[in-house]
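Architecture at a glance
The chain contents come next:
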Amino acid sequence: MTPDPSDDLFSRINDFARATPWLHWPVTEWAKYGIVVFAALLVVGWWIARSRDARTMAAALIAPISTVVAVAVNQPIIKAFDHPRPYVLHPAALVLVTKSADPSFPSDHATMAGAVAAGLLLVSWRLGLVAVACAFVMACARVYVGAHYPVDVVAGLALGALVALGCWLLLRVPVTRLVESLRAGRLGPLVSDAAV
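Residues numbered from 1 in each chain as written. Predicted model: local features only at pLDDT ≥ 70, side-chain atom pairs only at ≥ 80, totals over all residues. Heavy atoms only, no water.

On to the overall build of the protein chain, then. Check the secondary structure of the protein chain and you find nine helices and zero strands. Across the protein chain, helices and strands are ordered from the amino to the carboxyl terminus as α-α-α-α-α-α-α-α-α. Going through the 196 residues of the protein chain one by one, you find that 47% of them count as buried. Pairs at least 24 residues apart make up 79% of the contacts formed inside the protein chain by residues separated by at least 6 positions. Carbon together with sulfur atoms contributes 70% to the accessible area of the protein chain, which is approximately 10100 Å² in total. If you average the places of the 15 positive and of the 12 negative side-chain charges in the protein chain, the two averages end up 10 Å apart. (Helix = DSSP H or I, 4+ residues; strand = E, 2+ residues; numbered from the N terminus. Buried < 20%, exposed > 50% of the residue type's maximum accessible area, 1.4 Å probe, protein only. Contact = heavy atoms within 4.5 Å. Areas by Shrake-Rupley, 256 points an atom, 1.4 Å probe, with all protein chains shown as cover. Lys, Arg positive; Asp, Glu negative; His and termini not counted. Charge placed at Lys NZ, Arg CZ, Asp CG, Glu CD.)

Spelled out as structure tokens, the structure:
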């Protein structure tokens, strides 16, 4: 079986995890449940966009759509590469989460995080940078807990961001028009805090 190109870096991070048991609980919780924070960031993005122009609201509405699309696009890629998890090739590796039988490359968690971060950068730079920081921490956490190689999370972040950008380019005009139409109707309060 071909070794992963980031095999040595994974081993170093795994050694670091062994040496830092005080980090196990917070990093493991983030690796498993950090997805809730990304969902909350998407809601904050929508809330911020209510007081901004229709294009910004369109970005806030497209962000969760592009996240779902990114994870869906990732599924056939994972199956095509069918790369084993690090703990399959390294049975002695420290693993802090439940072992999965799913392939490793690219990481679903990192793909989701990359899509949310890229999508929110189109809504608000400040919120987007918070999401970027959270995505970076998620990517690092997934390697720290032994679930992925570094290349898995880097590829996931890149794929998520590219899909988010692609969705924005494809959907920005029709969704902006939809927002403008909604702001003039009964659903206006959902897409604008100025709607009456």
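For an α-helix, the turn length of 3.6 residues means that residues three or four places apart are oriented alike. An ideal rise of 1.5 Å per residue puts 28 Å on 20 residues; helix α7 (residues 125–144) measures up with 28 Å between its terminal C-alpha atoms. Inspection of α7 places Leu127, Gly128, Ala131, Cys134, Ala135, Met138, Ala139, Ala141, Arg142, Val143 and Tyr144 among the buried residues, and these make up the whole buried set. (Expected span 1.5 Å × (residues − 1).)

Take helix α3 (residues 35–49) next. With 15 residues, α3 extends 21 Å between its outermost C-alpha atoms, agreeing within 8% with the 21 Å of an ideal straight helix rising 1.5 Å per residue. Packed against the buried residues of α3 are α2 (24–33), α4 (54–81), α6 (108–121), α7 and α8 (150–183).

With that settled, consider the nonpolar core. Phe38, Leu41, Leu120 and Val145 are the most contacted members of the largest nonpolar core, which has 44 residues in total. Among the elements of the structure, α2, α3, α4, α6, α7 and α8 are those that each provide at least two residues to this core. Element by element, the count of residues in this core is highest for α4, at eight residues. One finds Ala93, Ala110, Ala139 and Val143 within the second-largest nonpolar core, a separate group that totals seven residues. (Core = buried A, V, L, I, M, F, W, Y, C linked by side-chain atoms within 4.5 Å.)

Right, let's talk about the packing of α3 against α7 for a bit. One way to put it is that α3 packs onto α7 with a least axis distance of 11 Å and a crossing angle of 170 degrees. Classified by the angle their axes make, α3 and α7 are roughly antiparallel. Between α3 and α7, the contacting residues are Ile35, Val37, Phe38, Leu41, Val44, Gly45 and Ile48 on the first element and Leu127, Val130, Ala131, Cys134, Ala135 and Met138 on the second. The residue makeup of the contact of α3 with α7, split by class, is twelve nonpolar, one polar and no charged. (Axes fitted to C-alpha atoms, helices over the stretch in contact; angles between N-to-C directions. Parallel < 35°, antiparallel > 145°, perpendicular 65-115°, else oblique. Nonpolar A, V, L, I, M, F, W, Y, C, P; charged D, E, K, R; others polar.)

To continue, consider the packing of α2 against α3. The geometry of α2 relative to α3 is characterised by a closest axis approach of 5 Å and an angle of 55 degrees between their N-to-C directions. In terms of orientation, α2 lies oblique with respect to α3. Residues Trp30, Lys32 and Tyr33 of α2 pack against Ile35, Val36, Val37 and Phe38 of α3. Classifying every residue of the contact of α2 with α3 gives six nonpolar, no polar and one charged.

Inspection of the secondary structure puts Ser66 in helix α4. Apart from the residues lying within four places of it in its own chain, the contact partners of Ser66 are Ala115, Val163, Ala164 and Cys167.

Attention shifts here to the packing of aromatic side chains. A full pass over the atoms with the stated rule returns five aromatic pairs. Ring centres of Phe16 and Tyr144 lie 6.1 Å apart, and the angle between their planes is 75 degrees; on these two criteria the pair is classed as edge-to-face. Here Tyr144 lies in helix α7 and Phe16 lies in helix α1 (residues 7–19), a separation of 128 residues in the sequence. With a centroid separation of 6.0 Å and an interplanar angle of 45 degrees, the aromatic rings of Trp30 and Phe38 are classed as tilted. By the burial criterion, Trp30 is buried, and Phe38 matches it. The ring of Trp47 carries the charged tip of Arg50 above its face, separated from the ring centre by 4.7 Å. (Phe/Tyr/Trp six-rings, centres within 6.5 Å; stacked < 30°, edge-to-face > 60°. Lys NZ or Arg CZ within 6 Å of the ring centre and 35° of its normal.)

Structurally, Ala139 can be placed in helix α7. It is 8.1 Å that separates the C-alpha atoms of Ala139 and Ala113, two residues lying 26 residues apart in sequence. Dropping the residues within four chain positions of it, Ala139 is found in contact with Val153 and Leu157.

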